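# Examining the three-dimensional arrangement
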Amino acid sequence: MDLTLKIWRQKDKNDKGSMETYPVTGISEHASFLEMLDVLNEQLITQGIEPVAFDHDCREGICGMCSLYINGEAHGPDRRVTTCQLHMRMFKDGETIHIEPFRSGSFPVLKDLVVDRSAFDRIQQSGGFISVNTSGNTQDANAVPIAKPMADKAMDAATCIGCGACVATCKNSSAMLFVAAKVSQFSYLPQGQVERKQRVLNMVDQMDKEGFGNCTNTGACEVECPKGISLEFIARMNKDYLTASITSEK
Ligand code: SF4
Ligand code: FES
């Protein structure tokens, strides 16, 4: 396949940035989108042009690092896949493909297609954990019975990989789907009950401090989420937040 790529280039955080056009040739339809960018970068290097910076790590849909906005969609035109799992067979030979970083005021662009998603880390640090007694009398996790439907729900929430596609897709730059998943993965489990109220209060508070917008129930996040995280978790988080606001001392 021969393609024309229109790619966002930005030297650093302070640079204004612009879309640049690059032809790329000889791409296999079986290649992944990131492999196609690897080929482009090899071609750019031989031409003496600085390669395009983009984020990636696992290339298996696990780490959540690959964060590209492709032809106006987070993670591109396929459903339930990350950019690293997107294949070039989803595109046509001769096509022009627009590639931009995830856009949000809370995800500043660092260089080209790389954005700073440390706001997600700070939200996690504010409450995305449980405290476990490690005094030597720690109960084996398997000794705590958990109903299968609850375990399944917790697992569904825990599949969130923190990629940020929900934020990039949302017209309000809302991080509610991400935060709801991270709150809910513990709220279904006995181990998550001790800090349940403080967790939701702290994580929503940090989300607001980071400048993310609010949820207006549009649902675009759920459609573009590579892990199919459900809006139901947002409803559950809102209920938890209301309960905690009324009943906790903070
Ligand atoms: S909720 Fe989905 S889109 Fe948002 S960070 Fe998690 S996996 Fe990514
Ligand atoms: S590179 Fe890890 S999810 Fe894409």
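Residues numbered from 1 in each chain as written. Chains lettered and ligands numbered in written order. Predicted model: local features only at pLDDT ≥ 70, side-chain atom pairs only at ≥ 80, totals over all residues.

## A few points about the overall build of the chain
Where we set the bar: Going along the chain from the N terminus, every DSSP run of H or I of four or more residues is numbered as a helix, and every run of E of two or more is numbered as a strand. With C-beta atoms placed from the backbone, a residue is labelled by how many other C-beta atoms lie within 10 Å of its own: buried for 20 or more, exposed for 12 or fewer, partly exposed between the two.
A count of helices and strands for the chain gives 8 helices and 7 strands. With respect to the three principal axes, the spread of C-alpha positions in the chain is 60 × 35 × 35 Å. Relative to its 250 residues, the chain shows a buried fraction of 35%.

## Some points on the sheet that holds strand β1 (residues 3–9)
Applicable threshold: Should DSSP find at least two bridges between two strands, the strands are regarded as paired. Contact between residues is assigned whenever the C-beta positions, reconstructed from backbone atoms, fall within 7 Å. Here an axis means a line fitted to C-alpha atoms, over the contact stretch when the element is a helix, while the angle between two N-to-C directions is reported on a 0 to 180 degree scale.
The sheet built from 5 strands is open, its strands ordered β2-β1-β5-β3-β4 with mixed pairing. The open sheet has two edge strands, β2 (18–24) and β4 (73–74), and neither has a second partner. On the sheet, helix α1 (residues 33–46) packs against β1 and β2 and is oriented at approximately 90° with respect to β2.

## Here we look at unusual backbone geometry
In this structure, His-75 takes a positive phi of about 65° despite not being glycine. If you trace the backbone, His-75 turns up in the loop between β4 and β5 (96–101). Given 28 C-beta atoms within 10 Å, His-75 falls into the buried group. Positive phi, close to 50°, is recorded for Ser-173, a residue that is not glycine.

## Focus on the site of ligand 1
Keep this limit in mind: What makes a residue near a molecule or strand is its C-beta atom, placed from the backbone, lying within 6 Å of it.
Lining the immediate surroundings of ligand 1 are 14 residues, of which Cys-160, Cys-163, Ala-165, Cys-166 and Cys-225 lie closest. Contributing elements (two or more residues each) for the shell around ligand 1: α4 (165–169) and α5 (176–187). With 3 residues, the top contributor of residues to the shell around ligand 1 is α5.

## Quick look at the pairing of β1
Relative to β2, β1 is paired through 7 bridges, and the arrangement is antiparallel. When the bridges of β2 are listed, Ile-7 appears paired with Glu-20. Of the strand pairs in this sheet, β1 and β5 are connected by 4 bridges, and their pairing is parallel. From the neighbouring strand, Thr-4 faces β5, where its bridge partner is Thr-96.

## With respect to the nonpolar core
In plain terms, the rule: Nonpolar cores are built from buried Ala, Val, Leu, Ile, Met, Phe, Trp, Tyr and Cys residues. These are joined into a set through C-beta atoms within 7 Å. Segmentation of the chain into domains, including their bounds, is taken from an automatic or database domain assignment.
Cys-166, Val-167, Leu-177, Phe-178, Val-179 and Ala-180 are the most contacted members of the largest nonpolar core, which has 57 residues in total. Sorting the residues of this core by element identifies α1, β3 (68–70), α2 (118–127), α4, α5, α6 (196–209) and α8 (232–247) as the ones contributing at least two each. For this core, the element with the most residues is α5, which contributes 8 residues. Counting only domains with at least three residues in this core, you end up with domain 1 (3–111) and domain 2 (118–247).

## A few points about the domain arrangement of the chain
Domains assigned within the chain are domain 1 (3–111) and domain 2 (118–247). Distance between the C-alpha centres of domain 1 and domain 2: 29 Å.

## As for the packing of α2 against α6
Counted only if it meets this: Roughly parallel here means an angle under 35 degrees, roughly antiparallel means over 145, roughly perpendicular means 65 to 115, and every remaining angle is called oblique. Note on convention: near helix rotated counterclockwise from far helix by under a right angle means a left-handed crossing. Clockwise means right-handed. Under the scheme applied here, ten amino acids are nonpolar (Ala, Val, Leu, Ile, Met, Phe, Trp, Tyr, Cys and Pro), four are charged (Asp, Glu, Lys and Arg), and all others, including Gly, are polar.
The N-to-C vectors of α2 and α6 enclose an angle of 155°; their axes lie 8 Å apart at closest approach. When the axes of α2 and α6 are compared, the pair comes out roughly antiparallel. The crossing of α2 and α6 is right-handed. Residues Arg-122, Ile-123, Ser-126 and Gly-127 of α2 form the contact with α6, whose own contacting residues are Gln-198, Arg-199, Asn-202, Met-203, Gln-206 and Met-207. For the contact of α2 with α6, a count of residues per class yields 3 nonpolar, 5 polar and 2 charged.

## Details of the pairing of β5
Judged from the 3 bridges that link them, β3 and β5 form a sheet pairing that is antiparallel. The residue of β5 that forms the bridge with Ile-70 is Ile-99.

## Focus on the packing of helix α3 (residues 148–158) against α5
For the pair α3 and α5, the least separation of the axes is 8 Å and the interaxial angle reads 150°. One finds that α3 runs roughly antiparallel with respect to α5. For the pair α3 and α5, the crossing hand works out as left-handed. Of the residues in α5, those in contact with Ala-154, Ala-157 and Ala-158 of α3 are Ala-181, Ser-184 and Gln-185. Of the residues in the contact of α3 with α5, the class split is 4 nonpolar, 2 polar and no charged.

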